[in-house]
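# Structural overview
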Amino acid sequence: RHYFIQSNLRLIPSCTPDNVMPPLHYPSSQQAAISADQMRNGFHKRNNDSLTQKRSSSTISSSSTKSRGSKRPLERFAGFLNNRKCKDIIIMAGAGISTASGIPDFRSPGTGLYYNTSKYNVTNPTDVFDLKHFNNNPHPFLDIIRDFIKSDKRPNIVHSFCKMLQTRGLLLRMYTQNIDGLEKKCGISSSKLVEAHGTLDSASCCKCFASHSSAWTQKMILDNKIPSCRRKGCAGFVKPDVVMFGEELPKKFYLYPKDFQKCDLLIVMGTSLNVEPFSELVNAVPKMVPRVLLNRDAVGPFFRQLS
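Below is a short write-up of the structure. Predicted model, so just to flag it, every value in this text is computed and none were measured. (Residues numbered from 1 in each chain as written. Predicted model: local features only at pLDDT ≥ 70, side-chain atom pairs only at ≥ 80, totals over all residues. Heavy atoms only, no water.)

### Side note on the sheet that holds strand β7 (residues 198–205)
Pairing within the open sheet is antiparallel, and its 3 strands lie in the order β8-β7-β9. If you trace the sheet from one side to the other, it starts and ends with β8 (211–212) and β9 (238–242), each paired once. Bridging between β7 and β8 involves 2 bridges; their strand directions are antiparallel. Residue pairing in the sheet places Ser204 in a bridge with Ser211 of β8. Each of β7 and β9 is contacted by helix α5 (residues 139–150), which is oriented at about 60° to β9, the strand it contacts most. (Pairing = 2+ DSSP bridges. Helix = DSSP H or I, 4+ residues; strand = E, 2+ residues; numbered from the N terminus. Contact = heavy atoms within 4.5 Å. Axes fitted to C-alpha atoms, helices over the stretch in contact; angles between N-to-C directions.)

Dropping the structure here:
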């Protein structure tokens, strides 16, 4: 099966390494925020027969239903879910799912975190999230984390969609790159959630790895102080357990092979698929499992197939 996401977002085909898809022409609008109407009207499904018959594809409009019957795209997808065609869904999510909540992503020109690091006088924007740089100068990272700690942002409709899948017993696991905690705020249980890039809810020393109170660490950061290890004989910096470049991902992440072999639908949302090893998960599902990308741009294997 092949699935397509559509609305004011770009239309991205599902693909597998051995399934070369025809190029698509995209709608011009590329808004990242997703409204309720867009979520209802943005999903288009094609079967293998139609792909074989129509190897050249034109723009697929959310308002166009001439060849697909009266049901709109997301209504068709809702029917797919309601009919229990899949029961072990995995979601891979990045910062893009939180932009509608007012939290900037990393790579969007002008608004992304990487485009606003010039005040820190770093050679590369990613240095702010590099462990070596943090140990030399923790201030840039702590400034950014301070904004996350102070944030009162709320989950949006994308998070509600993920919660709905959990409520209906369809969510096997949600793998997120986000540290904003909105997945937990919307009610995704800890057993269903893998925070691949860490969390603000715990803290540890970067030198001796001793655990520290998250409340104490966050208070120090909010008071514009650098948390230092309180273990005798150690003078390392303490930070929330957010994974930086140069650090290992949480152990829970590396249990993914079992999940992805069981997965019967993979939904990828709001990510550039630029950061490994998270980006490689998209290829971990069995060959015939449908993969759906809901994104502003084609990324990873979706982009390579279109190219």
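Okay, back to it.
### What about the pairing of β9?
By the criterion of burial, β9 is predominantly enclosed, with 4 of the 5 residues buried. Of the strand pairs in this sheet, β7 and β9 are connected by 4 bridges, and their pairing is antiparallel. Paired with Ala203 across the strands is Pro240, a residue of β9. (Buried < 20%, exposed > 50% of the residue type's maximum accessible area, 1.4 Å probe, protein only.)

### Some points on the side chain of Glu183
Relative to the elements of secondary structure, Glu183 occurs in helix α7 (residues 182–185). One buried charge, Glu183, has no salt-bridge partner; the nearest side chain with opposite charge is Lys184, at 7.2 Å. (Lys, Arg positive; Asp, Glu negative; His and termini not counted. Salt bridge = Lys/Arg side-chain N within 4 Å of Asp/Glu carboxyl O.)

### Some points on the environment of Asp105
Take Asp105: it is sitting in the loop between β4 (89–93) and α4 (131–136). Exposure remark for Asp105: the relative accessible area of 14% places this residue in the buried category. Along the chain, Asp105 and Asn178 lie 73 residues apart, while their C-alpha atoms are 9.4 Å from each other. Contact partners of Asp105, with chain neighbours within four places excluded, come to Ala95, Gly96, Thr99, Thr111, Gly112 and Leu113.

### Looking at the side chain of Asn156
Assignment of secondary structure puts Asn156 in the loop between α5 and α6 (157–167). Aside from chain neighbours lying at most four places away, what touches Asn156 is Ile97, Ser98, Ala100 and Ser101.

### Quick look at the nonpolar core
Counting 23 residues, the largest nonpolar core has Met92, Tyr175, Phe253, Phe260 and Leu266 as its most contacted members. Residue assignment for this core shows that the elements contributing at least two residues are β4, β5 (171–176) and β10 (265–269). When neighbours within four sequence positions are excluded, Phe253 is seen to be in contact with Tyr175, Val194, Ala196, Pro277, Phe278 and Leu281. (Core = buried A, V, L, I, M, F, W, Y, C linked by side-chain atoms within 4.5 Å.)

### A closer look at the sheet that holds β4
Each strand in a sheet pairs with another by means of backbone hydrogen bonds, the pair being arranged parallel or else antiparallel. Strand order in the open sheet made by the 5 strands is β6-β5-β4-β10-β11, with parallel pairing throughout. Across the chains shown, the open sheet's two edge strands, defined by having one partner strand only, are β6 (193–195) and β11 (291–294). Across the sheet, the mean angle separating the axes of adjacent strands is 15° when strand polarity is ignored. Sheet analysis places β5 next to β6, joined by 3 bridges and oriented parallel. Bridge pairing in β6 places Tyr175 opposite Val194.

Everything listed is a geometric property; what it means functionally is a separate question.
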